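Topology and contacts: notes
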Amino acid sequence: MKFDDILLEIGEFGPYQKKLFYLLCLPIMLGGAHTFSVIFTYDIPSHRCVLPNYPSDSYKIQNEALARLVNLTFPPAGDDDYGDYSNCRRYKNVTSFPVNVYNVTSRATESCSHWVYDKSDYDNTIITEFDLICGEEIMRSHSNMVSFASALVGSLFVGIIADMFGRKKAISMGCVLLIIYSIVSFLAPNFYVILATRVLGGIAGQALFAIVVAAALELVGPSKRSFAGVIVELYWSAGVLLLLPVAYLVRGWRWIQLSLGIGTLPVLALYWVIPESPRWLLDKSRFQEVEVTLQKICQSNNTKLPEQAIGDDTTDEGPTLKLSQMFTNRVLVVRFAILFFNWFGVSLLYYGISLNTGNLEGSIYINYLFSAMVELAAYCSLLLAFDRVGRRKLHCSCMIVGGLACLGAIPVIETDSDPMISNVLSYIGKYCVSASYAIMYVMSSELLPTSLRTSGLGMCAIFESVGGIISPYIADLGIILAGPLEGSISMIVFGGTSLIAGGLSLLLPETLHRKLPETVQDAVTFGKDISTQVDPAYHVMQ
């Protein structure tokens, strides 16, 4: 018997499986918190140049005398500045105090090399500690790019580890890497050490998501994987939300990093609590250990393991084809091109909008809370609609509405209208793309034939990573560029990409309640004759 057939016999998602599943998903929360910690640790607070020869200077105006000095020393803020004064320049004739020693009629300015920062929200960030401003803001995008690029490379590395040594060891490796990353970041003497450690952080984040998801879903029967896939996203969202109290209470970037590392220590205990993935054990012909886990599942489900169910043929899933066979038919070429572009678009929009949270008007903590809550709401609502509306309709609707929300923010940004309207539109975009992200995982696996499913999802992950790699640069375009539409260029890219991806997704066949394609030919004809492709398991569930 095949492993999925065994699960259908003994129970697809019983109490014991649920306990293991929910425990296995705990590291995903760490991955979510770690990924979005950069919103706080790399935030750019309001700032201005230091008053020359004024050792007690601070960004907050303490008295009228200091306010007068500041007004006479610094030009008013321009469109590209944070706060009330120019961030990077001061009047040239300012040399010392008191005020009557310089000529206030001269308006020539010069750049400065030391700054004071608004500490209303933070004691410090990586930006403020290493003065990554006034032309150095691009370093923030570089750092985020390194993390996403490392995740792309790490997906290959941790996958090999998981296949060779088991899911438990790969997950533990991810936890250890996150702890090392947090400690080294906490002790980093300069920004370039931090940049190098982002490699470890990217690999750790990938291990704590991709491998955990694989191990968790390997415990679940076929008809329950859609539900389980959304639960995985709920864990991710919970981790994103739990970062907020840490960032709010700690307020210093080094201590936020260390807190994430300390929070990882209890998760390491999972290595001694959960069993190894039974599917991996089957692949290694460790049948006795597989039977122990399956007997526990049977005991919790009040079922019985069929005799001689476990053997060499249990792991025989048929021939695995080369990835190139995905491109042997015009229908498949078009279909996979649409899938790949949608993965790119979903990742670009999700991470771009998320990283842009720090650029919204108002308190960063309130904005982050709303952003995390709408993501959580998206996954909860998806549980209700996923198996009723259909994958294609839901995904297309979410991408188009999300794209329109981004484009709708452009006139608000350009006319300096009520900033709360722009914030609300950003939350709508976050809601829609969060739902689309979860849909893409399920829809892609259902469209790919069994013989190419693993390699095909690997290709999807590459395009997903590319979207993540460039998303920091798109999110920061308003800071990097100057000129017309500089404030809304990010929204143009996000909105346009989302609309194109959503429109193209209508060319994909619906997969809801359809029998999954097994061969390349099945994939070619998938969706053409609906009456012969309804999954028999659907009628059983009804």
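So, here is what we can say about the structure in this document. Every chain is numbered on its own, with residues counted from 1 as its sequence reads. Given that the model is predicted, a residue must reach a pLDDT of at least 70 before its local features are reported, and side-chain atom pairs must reach 80 or more before they are shown or counted; all residues, however, enter totals for whole chains, interfaces and linings. Each side-chain value is worked out from all heavy atoms of the structure, with water and hydrogens disregarded.

Here the focus is the overall build of the chain. Looking only at helices and strands, one finds 23 helices and 4 strands in the chain. When a residue's accessible area, from a 1.4 Å probe over protein chains only, is under 20% of the maximum for its type it is buried; when over 50% it is exposed; and in between it is partly exposed. Within the chain, buried positions represent 52% of all 542 residues. Note on definitions: a residue-residue contact is assigned when non-hydrogen atoms from the two residues lie within 4.5 Å. Taking all contacts inside the chain whose residues are at least 6 apart in sequence as the whole, residues at least 24 apart take part in 77%. Accessible surface for the chain amounts to roughly 23,600 Å². Of this, 62% is attributable to carbon and sulfur atoms. Helix and strand definitions follow DSSP, with helices as H or I runs of at least four residues and strands as E runs of at least two, each counted in order from the N terminus. Per-residue accessibility takes into account occlusion by the displayed protein chains alone, with areas from the Shrake-Rupley method and a 1.4 Å probe.

Stacked, tilted and edge-to-face pairs are distinguished by plane angle, under 30 degrees for stacked and over 60 for edge-to-face with tilted covering the rest, among Phe, Tyr and Trp rings (Trp via its six-membered ring) whose centres lie within 6.5 Å. Tallying each qualifying case throughout the model produces 28 aromatic pairs. Summarising the aromatic geometry, the rings of Phe209 and Tyr441 are spaced 6.2 Å apart at their centres and angled 50° between planes, so their arrangement reads as tilted. Note that Phe209 is positioned in helix α9 (residues 191-217) and Tyr441 in helix α18 (residues 419-447), a separation of 232 residues in sequence. You can call Phe209 buried: its relative accessible area is 15%. With 5.1 Å between their ring centres and 90° between their planes, Tyr248 and Tyr365 make a pair best called edge-to-face. Of this pair, Tyr248 sits in helix α10 (residues 225-250) while Tyr365 sits in helix α16 (residues 364-389), and the two are 117 residues apart along the sequence. With a relative accessible area of 6%, Tyr365 lands in the buried category. Within the aromatic cluster, the residues linked to one another by ring pairs are Phe36, Phe148, Phe209, Trp236, Trp343, Tyr350, Tyr351, Tyr437 and Tyr441.

Here the focus is the nonpolar core. Within the largest apolar cluster, 143 residues are counted, with the highest numbers of intra-cluster contacts made by Phe21, Ile28, Phe36, Phe40 and Leu294. Top element by residues in this core is helix α15 (residues 330-355). It accounts for 14 residues. The residues contacting Ile28, other than those within four sequence positions of it, are Leu208, Phe209, Val212, Val213, Val232, Tyr235 and Trp236. What is meant by a nonpolar core is a set of buried Ala, Val, Leu, Ile, Met, Phe, Trp, Tyr and Cys residues, joined one to another through side-chain atoms within 4.5 Å.

For every element, the axis is a line fit to its C-alpha atoms; helices are fit only across the contacting stretch, and the angle between N-to-C directions ranges from 0 to 180 degrees. As a packed pair, helix α7 (residues 138-165) and α9 sit with axes 6 Å apart at the nearest point and diverge in direction by 45°. Put simply, α7 runs oblique to α9. Taken as a pair, α7 and α9 cross one another with a handedness that is right-handed. Nonpolar residues are Ala, Val, Leu, Ile, Met, Phe, Trp, Tyr, Cys and Pro. Charged residues are Asp, Glu, Lys and Arg, and all others, Gly as well, are polar. When its residues are assigned to classes, the contact of α7 with α9 shows 13 nonpolar, 10 polar and 1 charged. Put simply, angles under 35 degrees are roughly parallel, angles over 145 are roughly antiparallel, angles from 65 to 115 are roughly perpendicular, and the rest are oblique. Here a crossing is taken to be left-handed if its near helix is turned anticlockwise relative to the far helix by less than a right angle, and right-handed if that turn runs clockwise.

This part takes up α10. The first and last C-alpha atoms of α10 sit 38 Å apart over 26 residues, in line with the 38 Å expected at 1.5 Å per residue. Following α10 by one or two positions, Arg251 adopts a phi angle in the positive range, close to 70°. Here, expected helix span is obtained from the residue count minus one, scaled by 1.5 Å.

A few words on the state of the cysteines. Cysteine sulfurs are considered disulfide-paired once they come within 2.5 Å of each other. All told, the structure shown has 2 disulfides when counted by the stated rule. Put simply, Cys49 and Cys112 are joined by a disulfide, and their sulfur atoms are 1.8 Å apart. Its S-S torsion of about -60° marks the bond between Cys49 and Cys112 as left-handed, since a negative value means left-handed. Here Cys49, found in strand β1 (residues 47-49), pairs with Cys112, found in the loop between β3 (109-111) and β4 (115-117); they are 63 residues apart in sequence, far enough to count as distant.

Remark: helix α8 (residues 167-187) packs on α9, axes separated minimally by 8 Å, with the N-to-C direction vectors making an angle of 155°. In terms of axis orientation, α8 runs roughly antiparallel to α9. In this structure, α8 crosses over α9, and the sense of that crossing is left-handed. Of α9, the residues touching α8 (which contributes Arg167, Ala170, Ile171, Met173, Gly174, Cys175, Leu177, Leu178, Ile180, Tyr181, Val184 and Ser185) are Val193, Thr197, Arg198, Leu200, Gly201, Ile203, Ala204, Ala207, Leu208, Ile211, Val212 and Ala215. In the contact of α8 with α9, the residues fall into 18 nonpolar, 4 polar and 2 charged.

With a phi angle near 60°, Ser285 is a residue other than glycine that sits in the positive phi range. For Ser285, the location among the structural elements is in the loop between α13 (278-283) and α14 (287-301). Using a relative accessible area of 43% as the deciding quantity, one classes Ser285 as partly exposed. With a phi close to 55°, Asn302 is a non-glycine residue in the positive phi region. Structurally, the position occupied by Asn302 is in the loop between α14 and α15.

We now examine the side chain of Ser347. Following the sequence through the fold, Ser347 ends up in helix α15. Look past the residues within four positions of Ser347 in its chain and what remains in contact with it is Gly352, Tyr437, Glu464, Gly467 and Gly468.

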